[in-house]
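Here is what each chain is made of, one letter per residue.
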Amino acid sequence: MDILLTIHSFLPLLIIAVAVLAIFKFAIGWLMNSSFKGMDRGLASGFSGLLDMQALLGFIYFFVTGFGGEGFPAFRIFHLIIMLAAAALAHVPSRLKSLGDKLRFLYSLFAILGTLVLLFVGVMVLL
C-alpha cells in the first residue's frame, strides 16, 4: 500500500503540470480564435486520463485501507466524492465536439479551472 500511496501522492504534480499547459494553450487558443486541433484534444485527454488514473488509485486505496482497519471516516468519504466530481468535470472538454472552436476553448478552459478548484477543495478536506 505504501507504493500505491506514494504514486497517489506524486501524480498530482504531473496533473498540475498538464493543467497549467492546457490552461495556457486553451486561453491562447480562445484569444487568438484558433482551431481546436490534435494537440488541444491531446492535452484535454491527457488531463482527464491522468485524473482517471488518480481516481482509480485513490478508489483502491480508499477501500483497501478502509476495510483494512482505517475505516471510513467522513473526511475520507468527502474527499472521495469531491475527487470523483473533479474527475468527471475533467471529461467535459471531450464532450464539446459540436461547439465552435472559440467556445470549445473557453468551456475547456473553465472545465480545467473548475477541476483544479475541486482538487484543491478535495485536498483541503484531508488537512
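Data block above holds the structure.
Since this is a predicted model, take the numbers as computed values, not measurements.

1. Regarding the nonpolar core
- Ile15, Phe26, Phe47, Leu51, Ile112 and Leu119 are the most contacted members of the largest nonpolar core, which totals 23 residues.
- Contributions of two or more residues to this core are made by α1 (2–31), α2 (38–70), α3 (74–89) and α4 (101–126).
- Setting aside residues no more than four positions away along its own chain, phenylalanine 26 makes contact with Phe36, Asp40, Leu43, Ala44, Phe105, Ser108, Leu109 and Ile112.

2. Digging into the layout of surface pockets
- Approximately 650 Å³ is the volume found for the largest pocket.
- Sorting the residues of the lining of the largest pocket by element identifies α1, α2, α3 and α4 as the ones contributing at least two each.
- Among the residues making up the lining of the largest pocket, the classes are represented as 19 nonpolar, 5 polar and 2 charged.

3. Structural notes on the packing of α3 against α4
- Between α3 and α4, the shortest axis-to-axis distance is 9 Å and the interhelical angle comes to 170°. Here α3 is positioned roughly antiparallel relative to α4, judged by the angle of their axes. Counting all contacts with α3, which are made through Phe75, Phe78, His79, Ile82, Met83, Ala85, Ala86 and Leu89, the residues of α4 involved are Ala111, Gly114, Thr115, Leu118, Leu119, Val121, Gly122, Val123, Val125 and Leu126.
- Its residues assigned to classes, the contact of α3 with α4 shows 14 nonpolar, 4 polar and no charged.

4. Remarks on the pattern of salt bridges
- The final tally for this structure, using the stated rule, is 2 salt bridges.
- Between lysine 25 and aspartate 40 there is a salt bridge whose closest N-O contact spans 3.0 Å. Here lysine 25, found in helix α1, pairs with aspartate 40, found in helix α2; they are 15 residues apart in sequence, far enough to count as distant.

5. Points about α4
- Between its first and last C-alpha, α4 extends 38 Å over 26 residues, near the 38 Å set by a 1.5 Å rise per residue.
- Residues Arg104, Phe105, Leu106, Ser108, Leu109, Ala111, Ile112, Thr115, Leu119 and Gly122 constitute the buried set of α4.
- Lining the buried residues of α4 we find α1, α2 and α3.

6. Focus: a nonpolar patch on the surface
- Nonpolar side chains collect at one region of the surface, where Phe75, Val117, Phe120, Val121, Val123, Met124, Leu126 and Leu127 lie side by side and expose about 770 Å² of accessible area between them.
- The dominant element in the nonpolar patch, judged by the number of residues it contributes, is α4, at 6 residues.
- Within the secondary structure, phenylalanine 75 is located in helix α3.

7. Points about the packing of aromatic side chains
- All told, the structure shown has 9 aromatic pairs when counted by the stated rule.
- Note on phenylalanine 62 and phenylalanine 72: the rings are 5.0 Å apart at their centroids and 55° apart in plane angle, and the pair reads as tilted. Within this pair, whereas phenylalanine 62 is found in helix α2, its partner phenylalanine 72 is found in the loop between α2 and α3, the two being separated by 10 residues in sequence.
- For phenylalanine 72, a relative accessible area of 30% puts it in the partly exposed group.
- Seen in terms of ring centroids, phenylalanine 67 and phenylalanine 72 are 5.1 Å apart; in terms of plane orientation they differ by 75°. Their pairing is edge-to-face.
- Cluster of aromatic residues (ring-pair linked, three or more members): Phe59, Phe62, Phe63, Phe67 and Phe72.

Criteria and thresholds
Residues numbered from 1 in each chain as written. Predicted model: local features only at pLDDT ≥ 70, side-chain atom pairs only at ≥ 80, totals over all residues. Heavy atoms only, no water. Core = buried A, V, L, I, M, F, W, Y, C linked by side-chain atoms within 4.5 Å. Buried < 20%, exposed > 50% of the residue type's maximum accessible area, 1.4 Å probe, protein only. Helix = DSSP H or I, 4+ residues; strand = E, 2+ residues; numbered from the N terminus. Contact = heavy atoms within 4.5 Å. 1 Å grid on protein atoms, 1.4 Å probe; cavity = no way out; pocket = protein on both sides within 12 Å on 5 of 7 lines; lining within 4 Å. Points joined across faces, edges and corners; volume = space filled by probe spheres on them. Nonpolar A, V, L, I, M, F, W, Y, C, P; charged D, E, K, R; others polar. Axes fitted to C-alpha atoms, helices over the stretch in contact; angles between N-to-C directions. Parallel < 35°, antiparallel > 145°, perpendicular 65-115°, else oblique. Salt bridge = Lys/Arg side-chain N within 4 Å of Asp/Glu carboxyl O. Expected span 1.5 Å × (residues − 1). Patch = residues over 30% accessible without salt bridge, like charges linked within 9 Å, V, L, I, M, F, W, Y side chains within 5 Å. Areas by Shrake-Rupley, 256 points an atom, 1.4 Å probe, with all protein chains shown as cover. Phe/Tyr/Trp six-rings, centres within 6.5 Å; stacked < 30°, edge-to-face > 60°.

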